[in-house]
Amino acid sequence: MLPKQPYPSSALENLDKLLYLCRKPTLWLFNELVCSLIVIFYHEKSYWKVFRRSTLYCFVCPLVYIVVLFAIFPLFIFGFVCGHVVQHFRQPYLYIENKTKTFRSNGLYSFATANLCLGPEFVGVTNNLPHTAERAKFMGENLAKQQASCWLYDTENHCHVKHVLTNSESGQNCEQNMNGISLESDVYGVCTSFPPLDLICFQEILDKENSEVFSKEIHKHFPYIVYDVRYDGWKSNHFVLNSGLGIASVHPIIDVDFKVFEKKIKFCAYTCKGLLMCKVLLDEVDNKRQVGYVYTSHLQAYQGDSPVIQQQLSQIERCTAEFREQTFRDDEMVMFDVICGDFNLDNMSPADSEEANHPLFMKYHDFVRVRPGKDHDWAVGTERRQRVIHNPEVQTASGLAKSLKDPYYRQLHVLDANVQEHSVNLMTVMPEVDEHGNMVLLPEGGKRRIDYVLHNLEENLSVKAYQFVTQFASQTDHIPVSVTLKS
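Residues numbered from 1 in each chain as written. Predicted model: local features only at pLDDT ≥ 70, side-chain atom pairs only at ≥ 80, totals over all residues. Heavy atoms only, no water.

K.L.:
An account of the pairing of strand E19 (residues 451-456) is requested, with residue identities and associated values reported.
P.N.:
Among the six residues of E19, six are classified as buried, and the element is accordingly described as predominantly covered. With five bridges joining them, strand E15 (residues 332-342) and E19 adopt antiparallel strand pairing. Each bridged residue has a counterpart across the sheet, and for Gly-341 the counterpart in E19 is Tyr-452. One ladder, built from two bridges, connects strand E16 (residues 364-365) with E19; its direction is antiparallel. Along E19, the bridge assignment pairs His-365 with His-455. (Buried < 20%, exposed > 50% of the residue type's maximum accessible area, 1.4 Å probe, protein only. Helix = DSSP H or I, 4+ residues; strand = E, 2+ residues; numbered from the N terminus. Pairing = 2+ DSSP bridges.)

Structure (structure tokens):
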């Protein structure tokens, strides 16, 4: 049975909350200080926003923040040191469940992966995605409400089942944002909403409070959630940020494990990046338990010349096999084995050619790739250009979907799959233009696809749908991906 409390006693849990309150004022001031010094591209037409970016704000406020920081820093040190002693008794993840809901997938399983960019506020500001607390609540509410409309309650069997679309409905599903799934036709391409999801994997919810807010909202639909995953230590994350990983499921989660990456560099060394592994119980038929495995990860960003991603892929391949071997029972039947996540590599860029040929992609199938170095023509990229996230034409799900289907606007809003080197320049790079200032359309334009849902070939599943989902539109700098598999 999975632990439902972060600590073995309520006394330790309350002590941890108290020590966090000792650290919080300093963390808030540090956030405000860094945000005030960052020149960003995001503007709002309000007098307060204009004032905040005025000379007074940029020069006076930082000085005030620094003075106050020095005054309260001893309280932070006390909370930091004592807090991390207490952390040794904490579970490596938080888990919540609600057993009052029952869901049946009937052999049709849908998965999604979404990088939500919900780190500390200064990270959001750097990525041109400020207001992380508001975004966490909005995306959580949005997802819970949308998914609630995808599942219908079967009064005869007392369970929730997926809304199955008719043939005429399924042909219009992506265009009209109709919530459901088709059994009569396969769907590939851009879609404005998620299908009825069995599991969804999250990355980059690095902030403790944002993780709690988001999880609380999606728990209104998803009964089983693993979140705030971390091991605090000098080697794992320098006592700074969690892994950012989470998994929400409509099926009971019966086993969980987490492995920190053995190799991380640069900014990622201050996060607890690794591999989150879950086993879920789907059903029981003829005294045989039907189970599924799902893993999520967020690989090294901006690795430069270091082969970090290659090493992390090897660790994922090894750890997934070990977890399945350790948790599988003789009275079980595996229905699916899926890896989701932000891999920070695409299949076509020269900088990613070695990683694209990793053995992991031979064991776990990437439905979008034709072969290493080439994707299907209907594929689109998932890493957005941060400078234009707030352009008017991509503020809505339908507007972003329309842009992704147009080669010109896709290249304007999504990075190209021609990356020569992984560097922070990818955060600000814009499309190539000619001598007249016109965009040069490229075959690989707007096709840097770094978010993946891979399935193990051993389970012999067919892909019914593969969708690039625009439901979160202006709320994140990634395009989430969903996949529906049929057993």
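K.L.:
Go over the side chain of Glu-459 with me, naming the residues and quoting the values.
P.N.:
Here Glu-459 lies in the loop between E19 and strand E20 (462-469). Leaving out residues up to four positions away in the same chain, Glu-459 has contacts with Arg-324, Val-334, Met-335, Phe-336 and Asp-337. (Contact = heavy atoms within 4.5 Å.)

K.L.:
Can you tell me about the sheet that holds strand E5 (residues 159-162), naming the residues and giving the values?
P.N.:
Ordered in space as E2-E5-E4, the three strands form an open sheet in which the pairing is mixed. Where the open sheet ends on each side, the last strands, each with one partner, are strand E2 (103-104) and strand E4 (151-154). The pairing of E4 with E5 spans four bridges and is antiparallel. Following the sheet pairing, Leu-152 is matched in E5 by Val-161.

K.L.:
Before we move on, can you summarise the pattern of salt bridges with the specific residues and values?
P.N.:
A complete count under the given rule lists 28 salt bridges for this structure. Residue Glu-217 pairs with Lys-137 through a salt bridge whose shortest N-O separation is 3.0 Å. Residue Glu-217 is located in helix H8 (residues 208-218), and its partner Lys-137 is located in helix H5 (residues 132-148); the two are separated by 80 residues in the primary sequence. Residue classification places Glu-217 among the buried positions, given a relative accessible area of 4%. A single network of salt bridges, built from pairs that share partners, joins Lys-279, Arg-289, Arg-329, Asp-331 and Glu-332. (Salt bridge = Lys/Arg side-chain N within 4 Å of Asp/Glu carboxyl O.)

K.L.:
Account for the confidence of the model for the protein chain, with residues named and values stated.
P.N.:
Mean pLDDT over the protein chain works out to 89, with 91% of the residues at or above the 70 mark. Counted against residues more than four places away or in other chains, residues 40-48, with its pLDDT under 50, gives 12 contacts. Long-range and interchain partners of residues 171-178, a stretch whose pLDDT sits below 50, account for 16 contacts in this model, where long-range means more than four residues apart. (pLDDT = per-residue confidence, 0-100.)

K.L.:
An account of a nonpolar patch on the surface is needed here, citing residue identities and associated values.
P.N.:
A contiguous nonpolar surface patch, about 330 Å² in accessible area, is contributed by Phe-73, Ile-77, Val-81 and Val-85. Mapped onto the elements, Val-85 comes out in helix H3 (residues 55-86). Overall, Val-85 belongs to the partly exposed group, its relative accessible area being 48%. (Patch = residues over 30% accessible without salt bridge, like charges linked within 9 Å, V, L, I, M, F, W, Y side chains within 5 Å. Areas by Shrake-Rupley, 256 points an atom, 1.4 Å probe, with all protein chains shown as cover.)

K.L.:
Lay out H8 in plain terms, naming residues and giving numbers.
P.N.:
Looking at H8, one finds that the buried residues are Asn-210, Ser-211, Phe-214, Ser-215, Glu-217 and Ile-218. Angularly, the buried residues of H8 cover 160° about the axis, an arc narrow enough to put them on a single face. Among the structural elements, strand E1 (94-97), H5, strand E9 (199-203), strand E10 (224-227) and strand E11 (246-249) are those in contact with the buried residues of H8. Of the residues that open H8, the one with a side-chain oxygen 3.1 Å from the backbone nitrogen of Glu-209 is Asp-207. (Arc of directions from axis to C-beta. Polar contact = N/O pair within 3.5 Å; in protein donor to acceptor, adjacent residues only side chain to side chain.)

K.L.:
Could you give an account of the side chain of Glu-355, with specific residues and numbers?
P.N.:
Residue position: Glu-355 is located in helix H10 (residues 353-356). Buried and unpaired, Glu-355 has Arg-448 as its nearest opposite-charge partner, separated by 9.0 Å. Separated by 3.2 Å, the side chains of Glu-355 and Gln-303 make a polar contact. If we ignore the near neighbours within four places in the chain, the residues touching Glu-355 are Gln-303, Ile-309, Gln-310, Leu-313, Leu-345 and Phe-361. (Lys, Arg positive; Asp, Glu negative; His and termini not counted.)

K.L.:
Tell me about the packing of aromatic side chains, and name the residues and values.
P.N.:
Inspection of every chain in the model, using the stated rule, returns 24 aromatic pairs. By way of ring pairs, the aromatic residues Tyr-188, Phe-367, Trp-378, Tyr-466 and Phe-468 are connected into one cluster. Taking NZ or CZ as reference, Lys-208 lies 5.6 Å from the ring centre of Tyr-20, over its face. A cation over a ring is seen here: Arg-369 above Phe-361, with NZ or CZ 4.5 Å from the ring centre. (Phe/Tyr/Trp six-rings, centres within 6.5 Å; stacked < 30°, edge-to-face > 60°. Lys NZ or Arg CZ within 6 Å of the ring centre and 35° of its normal.)

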